[in-house]
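# A structural walkthrough
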Amino acid sequence: MTLDDYISAHTSPEPPEITEADRATHLYLYNPRMCSGHLQGRLLKMLVSMARPRLVMELGTFSAYSALCMAEGLAEGSMLHTIEANDELEDFIRSNLARSPHGHKVRLHIGDAAHLIDKIAPGEMFDMAFIDADKRNYPLYYEMVKRRLRKGGFIVADNTLWDGHVIETERRDPDTEGIMRFNDMVAGDPDVEQVILQLRDGLTIIRLIG
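Residues numbered from 1 in each chain as written. Predicted model: local features only at pLDDT ≥ 70, side-chain atom pairs only at ≥ 80, totals over all residues. Heavy atoms only, no water.

### As for the pairing of strand β6 (residues 192-197)
This is how it is decided: DSSP calls a pair of strands paired once it identifies at least 2 bridges connecting them. Put simply, DSSP H or I for four residues or longer makes a helix, DSSP E for two residues or longer makes a strand, and each gets a number counted from the N terminus.
Bridge count between β6 and strand β7 (residues 203-208): six bridges; the pairing is antiparallel. Its bridge partner being in β7, Val-195 is matched across the sheet by Ile-205. Turn length for the β6-β7 hairpin, with the two strands adjacent in sequence and antiparallel, is five residues, and the turn residue Arg-200 shows positive phi of about 55 degrees.

Below you can see the structure in the form of structure tokens.
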């Protein structure tokens, strides 16, 4: 048994419909490692349960695994708006949402996040956001999402260690550069407090305080 196996065995199990979403992701989708997975999924559910947000925004739906985990933690009457750029995933996403008793708490938007962030729930402020979309645009997404976040709200950002590439000194690709600019922006932003967790590929939890 590895340490990862031990941690997973001592973490609450996910419900069967989320296990099925994970299985389908690995069977049918390219690059299934993009799926949040058991440990991160349970953390997302717990964070939502603790923060008790009324409105949540997700950038990057992929197979809807993370959306379903967060929806599981949402109270009835709350809503998660999730944005996916790849329209070829729409049917797959909707099938996973339909399988879950919490799928009705999720509203799917297909399109470019940079074009949709300001248009979703106009006039409303969000309580939480999960950023897991195009890495090179993380700095832009951060600025846009922050404007839609109420004071005291949370942003959770995935892949912020990017397989360790953030500490490499050699020539970097655009995705790595985007993640690094995002990390520097957050670290230098006096309006927030943040912590990077060395979980999976790096998970940053940000709280808007100013």
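### A short note on the packing of helix α7 (residues 138-147) against helix α8 (residues 174-187)
Each pair of packed helices gets described by two things: the angle between the helix axes and the distance between those axes. The cut-off we apply is this: As a rule, the C-alpha atoms of each element are fitted with a line to give its axis, helices using only the stretch in contact, and angles between N-to-C directions run from 0 to 180 degrees. The criterion used for residue contact is that any of the two residues' heavy atoms lie within 4.5 Å. Each residue is assigned to one of three groups, with Ala, Val, Leu, Ile, Met, Phe, Trp, Tyr, Cys and Pro labelled nonpolar, Asp, Glu, Lys and Arg labelled charged, and all others, Gly among them, labelled polar.
Two numbers describe how α7 lies on α8: the axes approach to 7 Å, and their chain directions differ by 35 degrees. Side by side, α7 and α8 meet where Tyr-138, Pro-139, Tyr-142 and Glu-143 of the first sit next to Gly-178, Ile-179, Arg-181, Phe-182, Met-185 and Val-186 of the second. Here the residues of the contact of α7 with α8 are counted per class, giving seven nonpolar, one polar and two charged.

### Overview of the layout of surface pockets
Inclusion rule: Computed over the protein atoms alone on a 1 Å grid, cavities are sets of points where a 1.4 Å probe fits but cannot get out and pockets are open sets with protein on both sides within 12 Å along at least five of seven lines; a residue lines them when it has an atom within 4 Å of a point. Grid points are joined across faces, edges and corners, and a volume is the space filled by probe spheres set on the points.
Its boundaries defined by the atoms lining it, the largest pocket holds a volume of some 720 Å³. Forming the walls of the largest pocket are 33 residues, and the residues nearest its centre are Met-34, Phe-62, Asp-132, Ala-133 and Lys-135. Of all the secondary structure elements, the ones that give two or more residues to the lining of the largest pocket are α4 (65-73) and β2 (79-84). Its residues assigned to classes, the lining of the largest pocket shows twelve nonpolar, ten polar and eleven charged. Computed from the structure, the second largest pocket encloses a volume of approximately 260 Å³. For the second largest pocket, the full set of lining residues is Asp-4, Ile-7, Ser-8, Ser-36, Gly-37, His-38, Leu-39, Gln-40, Leu-199 and Arg-200. Of all elements in the fold, only α1 (3-9) and α3 (37-51) reach the threshold of two or more residues within the lining of the second largest pocket. It is α3 that contributes the most residues to the lining of the second largest pocket, four residues altogether. Split by residue class, the lining of the second largest pocket holds three nonpolar, five polar and two charged.

### Observations regarding empty space enclosed by the protein
In this structure the tally under the stated criterion is one cavity of 30 Å³ or more. Volume-wise, the largest cavity comes out at about 30 Å³. Surrounding the largest cavity, Leu-44, Leu-47, Val-48, Met-70, Met-128, Phe-130 and Val-156 form its lining. Elements that contribute at least two residues to the lining of the largest cavity include exactly α3 and β4 (126-131). Residue contributions to the lining of the largest cavity peak at three residues, all from α3. For the lining of the largest cavity, the per-class residue count stands at seven nonpolar, no polar and no charged.

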